[in-house]
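# Examination of the molecular architecture
Here are the chains, one letter per residue:
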Amino acid sequence: MTLDSKIPSGQISEKWSNHKFGLKLVNPANKRKFDIIVVGSGLAGASAAASLAELGYNVKVFTFHDSPRRAHSIAAQGGINAAKNYQNDGDSTYRLFYDTVKGGDYRAREGNVYRLAQVSVDIIDQCVAQGVPFAREYGGLLSNRSFGGAQVSRTFYARGQTGQQLLLGAYSAMNRQIAAGKVKLYTRTEMLDLVVVDGKARGIITRNLITGAIESHAAHAVLLCTGGYGNVFYLSTNAMACNVTATWRAHKKGALFGNPCFTQIHPTCIPVSGDYQSKLTLMSESLRNDGRVWVPKAVGDNRLPTDIPEEERDYFLERKYPSFGNLVPRDVASRNAKSVCDEGRGVGATKLAVYLDFADAIRRDSEDVVRAKYGNLFDMYQQITGENPYKMPMRIYPAVHYTMGGLWVDFNLMTTVPGCYALGEANFSDHGANRLGASALMQGLADGYFVIPYTVGDYLAAIGQEKIGTDRPEFKEAEDAVRKRINGLLSMKGEKTVDELHRKLGLTMWDYCGMSRTEEGLKKAQGIIADIKKEFETNVKVLGANEEMNQSLEKALRLADFIELGALMVQDALDRNESCGGHFREEYQTPDGEALRDDENYAYVAAWEYKGDNQSEVLHKEALKFEYVKLTQRSYK
Amino acid sequence: MNTMNLTLKIWRQPNTAAKGELKTYSISGINDHMSFLEMMDVLNENLQKKGEDPVVFDHDCREGICGACSLVINGRPHGPQQTTTCQLHMRSFKDGDTIYIEPWRAKAFPVIKDLMVNRSAFDRIQHAGGYVSVNTGSAQDANAIPIGKEIADEAFNSATCIGCGACVAACKNASAMLFVSAKISQLAMLPQGQAERNRRAEGMVAQMDQEGFGACTNTGACEAECPKQISISNIARMNREYLGAKLSSNAV
């Protein structure tokens, strides 16, 4: 198999406009003859569904939530980047492109990233027109703040709830199309398989979560907008129901999986407090604008943070990275927090935490100013920990947050299964080995509002209007396979609950395929994951029936796919004998402990092909060419 | 860290049509750092180990923003703190407590199973006008229309509604006015919302009535229980919007 990224040649600034001009169009009157399935209703899914329906296509949207507004995009806090240069501080499309390629540690495609930077400005315009209440200055113009990995202020925000406001904007645009009859919404309905007919994606199999009904849905194209797979770690900042099933099922039907081991560990989360913990809560990166990260200089200093004098504190990010200071990218901040804790200088009861201190900002700007910027985040911290962050520094620790890996897609966002597209976090495309803050919202909306409406038409115009019905044998076969999976789980009557096995998988992934990885540890993880898979397949306990609301069954179906994905992540991490971005192999580091890339041998996208159950996946490589950004050792010093 | 033993009285109802009842469960060794939903997780693990059906409840982000969680705890939506259930922690309770856990109660929110209810009425109200009609790609520059900071902040405050339905659950009339008024207010305050201002107010209010939500009698329970502190002044604004729309338009 050769991977064709379909990145056009020519000047980088012209690639997307030339490509758009070359794409085939569907006549306005013919668009109503095409059906498109959108799975997922977050930023990517809702924006795609709304935009495609506006063009005239018939769209069916599926979400396992009770309402599209619950999608986990809602929880993004800090902001959305756009190269507007409203602050006159030297920003430009090229600079956003450059920062993103560099931030991703040179493992993203230049062409994709440039397009992302180009359309970023249109996203802000669109959202404001929808009534998204971004933060503004007294003069009435939009306000910006800065984020990690950049030295300009290009982040637009709505207090600490930017994801919520952007999602409600996309949701409202989709609601308008639901009212117009162009979008049909299926809530509490989960995709359990992709249906491929004559080599093309032609539909999906779903389970109605209330009645258990297994149903087939056919269309001309299927868009997977189903988010990331951070919950493979059990504990993450993802919502409880976030899962990999939609993309994993597409993978098993022929879609290659790109860079599965590239996961982002976010530096500022509330630390784990006990083994009952069900999820981790992020504290927005924007806090690093004003908060200073430190630990005591001495090992075993158990004094209250407020009792430790200034000269006995180590502001380790400011010390090591004077020019970016506390605003180094996420992978760098996380690794440094881990390393000071490994030295025994961690704080709090578990010693797995560092301080994020606002005392200087409060002294400089007043408590009221700090409250106006971060009030809801401080409240959330106090709610969870019972401590007042205006008086005591926050305690934070890294946690799994985002997955840069995902389904491999070409420049049109199409996977290796024709007609099956992946948008937003579900694809691998734009962030390389590390995503910069405030870029996930940008990418989800770029894909949905401004990329897919152009690229899907090219495919539809080529395949024609003929409808494939759900009476085709491929649908029946896929339905039967889903029923068999469900019956297998319900009839097993084993001893272990789904959560027990999921916790075990998560801990294995965190210990051996988390913030730092070694060949030895990864090989050990392979054995443990194989054992977990075996135990799941022979000894899991799922109560109840299919024909009812059955949350244990939902979780079991998701865990089955997480276990297989976990094995592939480990395989990918073992294959990549270098360190880059969030993938830190201890064997490959610079003398001062930074990630050491091997551009000669690993400047490629690892795209994995499923070959059948219990068979090793096959690696395909898409070489990354850098024509504009010079590959250098990333430096934030 | 303190641990506690609790008695839980939980509403169990197999499906919408079935009759439900409160069942009693004992739970021990609950640590006060746990969130309320983590306590429920522990209960469900225990039940499954014993071969009993776990309790069904809606929850997802567990950071207070998705609006999925929805329990009436000791008679109050989201429990004793003005927050979401997922952000309620066991330090709000003490050893030996008996806790009553019930679903949202409203005609427009039928029970699906146990503590899970159907809130799709809220979505249908949004379909009836909770948007600005602007197609993708046709927007002008984001800074072309200045919006005063006070107005932008006020619109933002209304826009922070998470659609959980606590306002309905708190109201003796099961009125949805706080929820509906928050969206109408957000868009009525912004210049982008002006063109459809009247249509929106009429359409959303008509749909709200059709869904079977009750009327507002100004008791203020909704505001008192709202985890996002949506102000009851939104309802006053919605009434003005609705009246103005009725007087001046023929739509709907």
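Residues numbered from 1 in each chain as written. Chains lettered and ligands numbered in written order. Predicted model: local features only at pLDDT ≥ 70, side-chain atom pairs only at ≥ 80, totals over all residues. Heavy atoms only, no water.

## Brief notes about the side chain of A:Glu617
Residue and element names in this part refer to chain A. Checked against the element boundaries, Glu617 lands in the loop between strand E20 (604-609) and strand E21 (618-623). One buried charged side chain, Glu617, makes no salt bridge at all; its nearest oppositely charged neighbour is Lys252, positioned 8.0 Å away. In this structure the side chain of Glu617 is engaged in a polar contact, spanning 2.8 Å, whose partner is the side chain of His251. Among residues more than four places away in sequence, those in contact with Glu617 are Trp248, His251, Leu568, Gln571, Trp608, Glu609 and Tyr610. (Helix = DSSP H or I, 4+ residues; strand = E, 2+ residues; numbered from the N terminus. Buried < 20%, exposed > 50% of the residue type's maximum accessible area, 1.4 Å probe, protein only. Lys, Arg positive; Asp, Glu negative; His and termini not counted. Salt bridge = Lys/Arg side-chain N within 4 Å of Asp/Glu carboxyl O. Polar contact = N/O pair within 3.5 Å; in protein donor to acceptor, adjacent residues only side chain to side chain. Contact = heavy atoms within 4.5 Å.)

## Focus: the pairing of strand E11 (residues 263-269) of chain A
Remember that side chains alternate between the two faces of the sheet whenever the strand is regular. Residues and elements named next belong to chain A. Burial of E11 is extensive: seven of the seven residues sit out of reach of the surface. Here five bridges tie E11 to strand E15 (residues 394-403), and the two strands are oriented antiparallel to one another. Its bridge partner being in E15, Gln264 is matched across the sheet by Tyr402. (Pairing = 2+ DSSP bridges.)

## Focus on helix H3 (residues 149-159) of chain B
For H3(B), every residue scored as buried is listed here: B:Ala152, B:Ala155, B:Phe156, B:Ser158 and B:Ala159. Projection of H3(B) onto a plane perpendicular to its axis shows the buried side chains occupying an angular sector of 160°, all on one side. Residues of H3(B) that are buried in the fold lie against helix H5 (162-179) of chain A together with helix H5 (177-189) and helix H8 (233-248) of chain B. (Arc of directions from axis to C-beta.)

## A look at the packing of aromatic side chains
Residues and elements named next belong to chain A. Under the definition given, this model contains 27 aromatic pairs over all chains. Taking 5.8 Å as the distance between ring centres and 90° as the angle between the ring planes, the aromatic pair formed by Trp16 and Phe411 counts as edge-to-face. In this pair, Trp16 sits in helix H1 (residues 15-22) while Phe411 sits in the loop between strand E16 (406-407) and strand E17 (420-422), placing the two residues 395 residues apart along the sequence. The same class applies to Trp16 as to Phe411, namely buried. Pairing Phe97 with Tyr114 gives two aromatic rings, centres 5.2 Å apart and planes at 65°, and the pair type is edge-to-face. Of this pair, Phe97 sits in helix H3 (residues 93-103) while Tyr114 sits in helix H4 (residues 110-130), and the two are 17 residues apart along the sequence. Here Phe97 falls in the buried class, since its relative accessible area comes to 0%. Three or more aromatic residues joined by ring pairs form one cluster here, namely Phe358, Tyr374, Phe378 and Tyr390. Between Arg313 and the ring centre of Trp294, over which it is positioned, the NZ or CZ distance is 4.1 Å. (Phe/Tyr/Trp six-rings, centres within 6.5 Å; stacked < 30°, edge-to-face > 60°. Lys NZ or Arg CZ within 6 Å of the ring centre and 35° of its normal.)

## Quick look at the domain arrangement of chain A
By a frequent convention, interface size equals the accessible area lost on bringing the separate parts together. All names here are of chain A. As far as domains go, chain A holds domain 1 (266-400) and domain 2 (476-593). Placing the centre of domain 1 and that of domain 2 at their C-alpha centroids yields a distance of 31 Å. Roughly 680 Å² of surface becomes buried between domain 1 and domain 2 when both sides are summed, with 62% attributable to carbon and sulfur atoms. By the criterion of area lost to domain 2, the three top residues of domain 1 are Asp331, Arg335 and Lys338, representing 56% of everything that side buries. Summed over the shared surface of domain 1 and domain 2, the number is zero salt bridges. Elements with a contribution of two residues or more to the side of domain 1 that touches domain 2: helix H8 (330-342) and E15. Among the residues making up the side of domain 1 that touches domain 2, the classes are represented as five nonpolar, two polar and five charged. (Domains from an automatic or database assignment. Buried area = accessible area lost by both parts, 1.4 Å probe. Nonpolar A, V, L, I, M, F, W, Y, C, P; charged D, E, K, R; others polar.)

## Some words on the interface of chain A and chain B
On the side of chain B, 73 residues touch chain A, which itself brings 74 residues to the contact. Overall, the association of chain A and chain B removes approximately 6,200 Å² of surface from exposure, summing both partners, and the carbon and sulfur fraction of that is 50%. Where chain A meets chain B, there are six salt bridges. B:Glu63 is paired through a salt bridge with A:Lys279; the nearest N and O atoms lie 2.6 Å apart. Seen at the junction of chain A and chain B, the total is 45 residue pairs in polar contact (both at pLDDT 80 or more).

## Let's talk about empty space enclosed by the protein
Under the criterion given, the structure shown has 10 cavities of 30 Å³ or more. Each pocket or cavity is described by its volume, and for the second largest cavity that value is around 760 Å³. In this structure, the second largest cavity is lined by 48 residues; those nearest its centre are A:Gln551, A:Glu554, A:Lys555, A:Arg558 and B:His59. Secondary-structure elements contributing two or more residues to the lining of the second largest cavity are helix H13 (498-513) and helix H15 (551-575) of chain A together with helix H1 (36-49) of chain B. Sorting elements by how many residues they give to the lining of the second largest cavity places H15(A) first, with seven residues. Looking at side-chain class alone, the lining of the second largest cavity contains 18 nonpolar, 13 polar and 17 charged residues. (1 Å grid on protein atoms, 1.4 Å probe; cavity = no way out; pocket = protein on both sides within 12 Å on 5 of 7 lines; lining within 4 Å. Points joined across faces, edges and corners; volume = space filled by probe spheres on them.)

## Section: the pattern of salt bridges
Counting across every chain of the model gives 73 salt bridges over all chains. As a salt-bridge pair, B:Glu225 and B:Arg76 come within 3.0 Å of each other at their nearest N and O atoms. Of this pair, B:Glu225 sits in helix H7 (residues 221-225) while B:Arg76 sits in strand E4 (residues 76-77), placing them 149 residues apart in sequence. Look at B:Glu225 and you get buried, because its relative accessible area is 11%. Within this structure, A:Arg292, A:Glu310, A:Arg313, A:Glu318, A:Asp357, A:Asp360 and A:Arg363 form a network of salt bridges that share partners.

## Section: the sheet that holds strand E1 (residues 3-12) of chain B
All names here are of chain B. Pairing is mixed across the open sheet formed by five strands, whose spatial order is E2-E1-E5-E3-E4. Each edge of the open sheet carries a strand with a single partner, namely strand E2 (21-31) and E4. Pairing between E1 and E2: nine bridges, direction antiparallel. Note on E2: the bridge partner recorded for Arg12 is Glu21.

## Examining the sheet that holds strand E12 (residues 292-296) of chain A
Residues and elements named next belong to chain A. Read from one edge of the open sheet, five strands run E11-E15-E14-E12-E13, paired in antiparallel fashion. Edge positions in the sheet fall to E11 and strand E13 (313-314), since each has one partner strand and no second. With three bridges joining them, strand E14 (residues 354-357) and E15 adopt antiparallel strand pairing. Across the sheet, Leu356 pairs through a bridge with Met394, a residue of E15.

## Considerations on the nonpolar core
Ranked by internal contacts, the top residues of the largest apolar core, which has 231 residues, are A:Ile80, A:Phe134, A:Leu223, A:Tyr421 and B:Phe213. Here the element with the most residues in this core is H15(A); it accounts for 13 residues. Ignoring sequence-local partners within four residues, the contact set of A:Ile80 consists of A:Ile123, A:Ile124, A:Phe134, A:Arg154, A:Thr155, A:Phe156, A:Thr162, A:Leu166, A:Ala438, A:Leu441, A:Met442 and A:Leu445. Counting residues in each nonpolar core, the second largest holds 28 residues, with B:Ile27, B:Ile30, B:Phe93 and B:Leu115 among its members. (Core = buried A, V, L, I, M, F, W, Y, C linked by side-chain atoms within 4.5 Å.)

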